[in-house]
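In case you want the letters, here they are:
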Amino acid sequence: MKIISEGYPFIFVALLVAFFLGAVVNPYAAIPPAILACYFAYFFRNPDRKIPEGENLIVSPADGTVQDVVEIDYDDFVKSPCRKVIIFLSVFDVHVNRSPIAGEIKLQKYVCGRFRPAYKDSVGFENERHLLGIENEKLRITVTQIAGILARRIVSWVTLDDKLDKGELYGLIRFGSCTEIVVPDNVEIFVKKGDKVKGGESVIGKIIDE
């Protein structure tokens, strides 16, 4: 199982505490931090994903549960009526984020905010978040990482004008969060509220050829 580098400090510190308590106190005292180290390894996992082929296919940016699919009158980057897919990530989901399409980053915006529970309807407006606008020859989309009550850190490995392949890693959120993707109305959405999705692998929509 691959683990992203951001997880190593958490794992090593937990193991160090487990070793110290086991040596100084007693072996049983080492159990809780050892379990925590195992959880950190699990949380920061980065499983291989088979990226679906097809230029018209849009994949999920994150693992989790579709919290809602809503209509939007207008988006400043997409510049048209849109649909927004909201994905809730529990503390047991994979938390790396992947690009839903191949394209170039034309907008990057970080917004400070609150840390309300990620399942609340208003977190996309109130909570700390990081937005990317990605564009290719066929469409523009936005994808937003949103912090939650436990997710106090949004990590991004990309910047403006970077080119991303579909399914390519671009960041993560620690620990428990929400990811939103906004697509124009010429995209047929394949998911609905309650569906489980996998980042980079689950097809959430398809561009409708005119």
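Residues numbered from 1 in each chain as written. Predicted model: local features only at pLDDT ≥ 70, side-chain atom pairs only at ≥ 80, totals over all residues. Heavy atoms only, no water.

Undergrad: Summarise the packing of aromatic side chains; cite the residues concerned and give the values.
TA: Scanning all chains against the criterion turns up six aromatic pairs. Relative to Phe12, the ring of Tyr8 has its centre 6.1 Å away and its plane inclined at 20°; by these criteria the two rings are stacked. Of the two residues, Tyr8 and Phe12 are both situated in helix 1 (residues 8–24); the distance of four residues between them amounts to about one turn of the helix. In this structure Phe12 comes out as exposed when scored by relative accessible area, which is 53%. Ring centres of Tyr39 and Phe40 lie 6.1 Å apart, and the angle between their planes is 50°; this geometry places the pair in the tilted category. We classify Phe40 as buried; its relative accessible area is 12%. Members of the aromatic cluster, connected to one another through ring pairs, are Phe10, Tyr39, Phe40, Phe43 and Phe44. The ring of Tyr42 has Arg45 lying over it, and the distance from NZ or CZ to the ring centre is 3.8 Å. (Phe/Tyr/Trp six-rings, centres within 6.5 Å; stacked < 30°, edge-to-face > 60°. Helix = DSSP H or I, 4+ residues; strand = E, 2+ residues; numbered from the N terminus. Buried < 20%, exposed > 50% of the residue type's maximum accessible area, 1.4 Å probe, protein only. Lys NZ or Arg CZ within 6 Å of the ring centre and 35° of its normal.)

Undergrad: Give me the lowdown on the pairing of strand 7 (residues 140–147), citing residues and values where you can.
TA: Among the eight residues that make up strand 7, seven are buried, leaving the element largely enclosed by the rest of the structure. Where strand 6 (residues 129–135) meets strand 7, seven bridges bridge the pair, whose relative direction is antiparallel. Residue Arg129 lies in a different strand from strand 7, and its bridge partner there is Ile146. The turn joining strand 6 and strand 7, which pair antiparallel and follow one another in sequence, is formed by four residues. With six bridges joining them, strand 7 and strand 11 (residues 177–184) adopt antiparallel strand pairing. Bridge pairing in strand 11 places Thr144 opposite Glu180. (Pairing = 2+ DSSP bridges.)

Undergrad: So what about helix 1? Which residues, and what values?
TA: Here helix 1 is 17 residues long and its end C-alpha atoms lie 24 Å apart, about the 24 Å a rise of 1.5 Å per residue gives. Among the residues of helix 1, Ile11, Ala14 and Ala18 are the ones counted as buried. One side of helix 1 holds all its buried residues, which, seen down the axis, span an arc of 70°. The outward face of helix 1, more than 90 degrees from its buried face, is lined by the exposed residues Phe12, Val13, Leu16, Phe19, Ala23 and Val24. Contacts made by the buried residues of helix 1 are with helix 2 (31–43). (Expected span 1.5 Å × (residues − 1). Arc of directions from axis to C-beta. Contact = heavy atoms within 4.5 Å.)

Undergrad: Just give me the short version of the sheet that holds strand 14 (residues 203–207), but keep the residues and values in it.
TA: Overall, antiparallel pairing links the three strands, which are arranged 1-14-12 in an open sheet. Only two strands of the sheet have a single partner each, and these edge strands are strand 1 (57–59) and strand 12 (187–189). Each strand of the sheet is rotated relative to its neighbour by a mean of 30°, with strand direction disregarded. Where strand 1 meets strand 14, three bridges bridge the pair, whose relative direction is antiparallel. Note that in strand 14 the partner of Val59 across the bridge is Val203. (Axes fitted to C-alpha atoms, helices over the stretch in contact; angles between N-to-C directions.)

Undergrad: Now, about the pattern of salt bridges: what can you tell me, with residues and values included?
TA: One side chain can pair with another of opposite charge once the charged atoms of both are near each other. Under the defined criterion, the tally for this structure stands at nine salt bridges. Between Asp48 and Lys2 there is a salt bridge; the shortest N-O distance is 2.7 Å. Here Asp48, found in the loop between helix 2 and strand 1, pairs with Lys2, found in the segment before helix 1; they are 46 residues apart in sequence, far enough to count as distant. A salt bridge links Asp161 to Lys106; its shortest N-O distance comes to 4.0 Å. Separated by 55 residues along the polypeptide, Asp161 in the loop between strand 8 (153–156) and strand 9 (163–164) and Lys106 in strand 5 (residues 103–111) bring together distant segments of the chain. (Salt bridge = Lys/Arg side-chain N within 4 Å of Asp/Glu carboxyl O.)

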